[in-house]
Amino acid sequence: MSEVKIAAESRTEFGKGAARRIRRDSKVPGVLYGHGSDPIHLTLPGHELLLALRTPNVLISLDIDGKTNELAIPKSVQRDPIKGFLEHVDLQLVQRGEKVNVEIFVQTEGELAPGGNLLEHVLNALPVEAEATHIPESVTVSVEGLTAGDSVLAKDIPLPSGTKLGVDGETVVLQVLAAQAEEPTEGEGEGEEASAEA
C-alpha cells in the first residue's frame, strides 16, 4: 500500500466561520484521534489530501507543524453533496505493526456462465483486520462460469497474507441472480389491462 506524506498545521479556531475560512484558502479542516489521546484539530492542504484519498485506505504520514510525525488512515470524509469538494476529514492515528479494522473494495474478474444472469454485489467492501502499514487496497474475486443461484462467501475470498476477515465467513459477498426477461413482464401488464377493460 502507498504511504503519502502531507504537511498539516494544528488549528485553534473552531466553528463554521473558521471552517469556511480554511476552505476559502483551499485547505480542509480535519481531526486526528486515536490511542486514547486528545483529538488534534488540523488544517490540511486540500489538493494533496484529495489526491491521497483517491487511494482506498491510504496511509498518511502527517508532518504536523514541522515538529511531529504521525501515521493515520482516513476514517470519515465529508464532501459537499453538490460540488464534491472536501469539507472535513476524520483521521485515525495508527502505529506500525498495529492491527486496524477497515473495509477493502471487492473487485471481480471473469465472465458469468452464458444466459444473461446478473451479478449482485451484496457487499461492495469487505470488512477486514490488517496491519496498519499493509492494508490492501482491494481484493479480486473470480466469477468465471458462475451461474444463477451461485454465491461467493466471505471465506471464499483469497486475502493477502496478514489480513483476516472482519465478518463471519458465511457472509454472502456476491451472488448471481437469474436474468428476468422483460418481454413477458410487459405481456403480463397488457393482460392485466385487457382483463380490467373486460
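Presented here is a report on the structure given in the accompanying data block.

Attention shifts here to the overall build of the chain. Helices and strands together make up the secondary structure of the chain, namely three helices and 13 strands. Burial analysis of the chain (198 residues in total) assigns 35% to the buried set. Considering only intrachain contacts with a sequence separation of at least 6, the fraction spanning at least 24 residues in the chain is 63%. Of the roughly 11800 Å² of accessible surface on the chain, 48% is carried by carbon and sulfur atoms.

The mixed closed barrel is built from six strands, whose spatial order is β1-β3-β2-β6-β5-β4. Between one strand axis and the next, the sheet turns through 45° on average, direction left out of account. Pairing geometry for strand β1 (residues 3–10) and strand β3 (residues 37–45), over two bridges, is antiparallel. When the bridges of β3 are listed, E9 appears paired with T43.

As a further point, take unusual backbone geometry. For residues besides glycine, phi is generally negative; the peptide bonds are generally trans as well. Although it is not a glycine, D65 sits at a positive phi angle of roughly 55°. Position of D65 among the secondary structure elements: in the loop between β4 (59–64) and β5 (68–79).

Secondary-structure assignment places T163 in the loop between β11 (151–153) and β12 (164–165). Sequence-distant contacts of T163, defined by excluding residues within four places in its chain, comprise V128, E129, A130 and P136.

Before going further, it helps to examine the pairing of β4. Of all six residues in β4, five are buried, a share of seventy percent or more. With five bridges joining them, β4 and β5 adopt antiparallel strand pairing. Looking across to β5, one finds that I64 is bridged to T68. The turn joining β4 and β5, which pair antiparallel and follow one another in sequence, is formed by three residues; a positive phi near 55° is taken by D65.

Conventions we followed
- Residues numbered from 1 in each chain as written.
- Predicted model: local features only at pLDDT ≥ 70, side-chain atom pairs only at ≥ 80, totals over all residues.
- Heavy atoms only, no water.
- Helix = DSSP H or I, 4+ residues; strand = E, 2+ residues; numbered from the N terminus.
- Buried < 20%, exposed > 50% of the residue type's maximum accessible area, 1.4 Å probe, protein only.
- Contact = heavy atoms within 4.5 Å.
- Areas by Shrake-Rupley, 256 points an atom, 1.4 Å probe, with all protein chains shown as cover.
- Pairing = 2+ DSSP bridges.
- Axes fitted to C-alpha atoms, helices over the stretch in contact; angles between N-to-C directions.

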